[in-house]
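Architecture at a glance
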Amino acid sequence: MRTVTATHASRGFSDLLDAVEHGETVAITRGGHVVAEIRPAVPATGRSLREALAAVPPLDDTFGDDVAGAIALLVPEQDDAWRDD
């Protein structure tokens, strides 16, 4: 992983993005401490969503009743004396 100062990163941001686009991760330092890392974005796909949801247990039969009960507890909006109209 390459490490650059914040000043160097700001002056060569386009080159920095080119490196990241090609798979490199870059650490950004300020005052000698790493404050950020820029890395390639992980593409999101339908497959990854399906895999993530596969680990979620199915909803139980009472879920609909629980939601209806929670909605029944809501109160209508009241006048807000502090709101600017």
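These remarks concern the structure in this document. (Residues numbered from 1 in each chain as written. Predicted model: local features only at pLDDT ≥ 70, side-chain atom pairs only at ≥ 80, totals over all residues. Heavy atoms only, no water.)

1. Topic: the sheet that holds strand β2 (residues 26-30)
- The sheet built from three strands is open, its strands ordered β1-β2-β3 with mixed pairing. The two strands at the open ends of the sheet, each matched to only one other strand, are β1 (2-5) and β3 (33-38). Strand-to-strand, the axes of this sheet are offset by a mean angle of 30°, without reference to chain direction.
- Strand direction decides the pairing type here: β1 and β2, joined by four bridges, are parallel. When the bridges of β2 are listed, arginine 2 appears paired with valine 26. (Pairing = 2+ DSSP bridges. Helix = DSSP H or I, 4+ residues; strand = E, 2+ residues; numbered from the N terminus. Axes fitted to C-alpha atoms, helices over the stretch in contact; angles between N-to-C directions.)

2. Overview of the nonpolar core
- Membership of the largest hydrophobic core is limited to six residues, which are Val4, Ala9, Leu16, Val20, Val26 and Ile28.
- Ignoring sequence-local partners within four residues, the contact set of alanine 9 consists of Val4, Leu16 and Ile28. (Core = buried A, V, L, I, M, F, W, Y, C linked by side-chain atoms within 4.5 Å. Buried < 20%, exposed > 50% of the residue type's maximum accessible area, 1.4 Å probe, protein only. Contact = heavy atoms within 4.5 Å.)

3. Re the pattern of salt bridges
- Applying the stated criterion across every chain, the model contains two salt bridges.
- A salt bridge links glutamate 24 to arginine 2, with the shortest nitrogen-to-oxygen separation between them at 3.0 Å. In this pair, glutamate 24 sits in the loop between α2 (13-21) and β2 while arginine 2 sits in strand β1, placing the two residues 22 residues apart along the sequence.
- Assessed through its relative accessible area of 31%, arginine 2 is described here as partly exposed.
- Note that arginine 39 and glutamate 37 form a salt bridge whose closest N and O atoms lie 2.0 Å from each other. (Salt bridge = Lys/Arg side-chain N within 4 Å of Asp/Glu carboxyl O.)

4. Observations concerning a negative patch on the surface
- On the surface, Asp60, Asp61, Asp65 and Asp66 cluster together to form a negatively charged patch.
- Within the fold, aspartate 61 resides in the loop between α3 (46-54) and α4 (63-72). (Patch = residues over 30% accessible without salt bridge, like charges linked within 9 Å, V, L, I, M, F, W, Y side chains within 5 Å. Areas by Shrake-Rupley, 256 points an atom, 1.4 Å probe, with all protein chains shown as cover. Lys, Arg positive; Asp, Glu negative; His and termini not counted. Charge placed at Lys NZ, Arg CZ, Asp CG, Glu CD.)

5. Examining the pairing of β3
- In terms of burial, β3 is a largely surface element, zero of the six residues being buried.
- Here β2 pairs with β3 via five bridges, running antiparallel. Bridged to arginine 30 within β3 is histidine 33.
- What sits between the antiparallel neighbours β2 and β3 is a turn of two residues, in which glycine 31 has the positive phi angle 65°.

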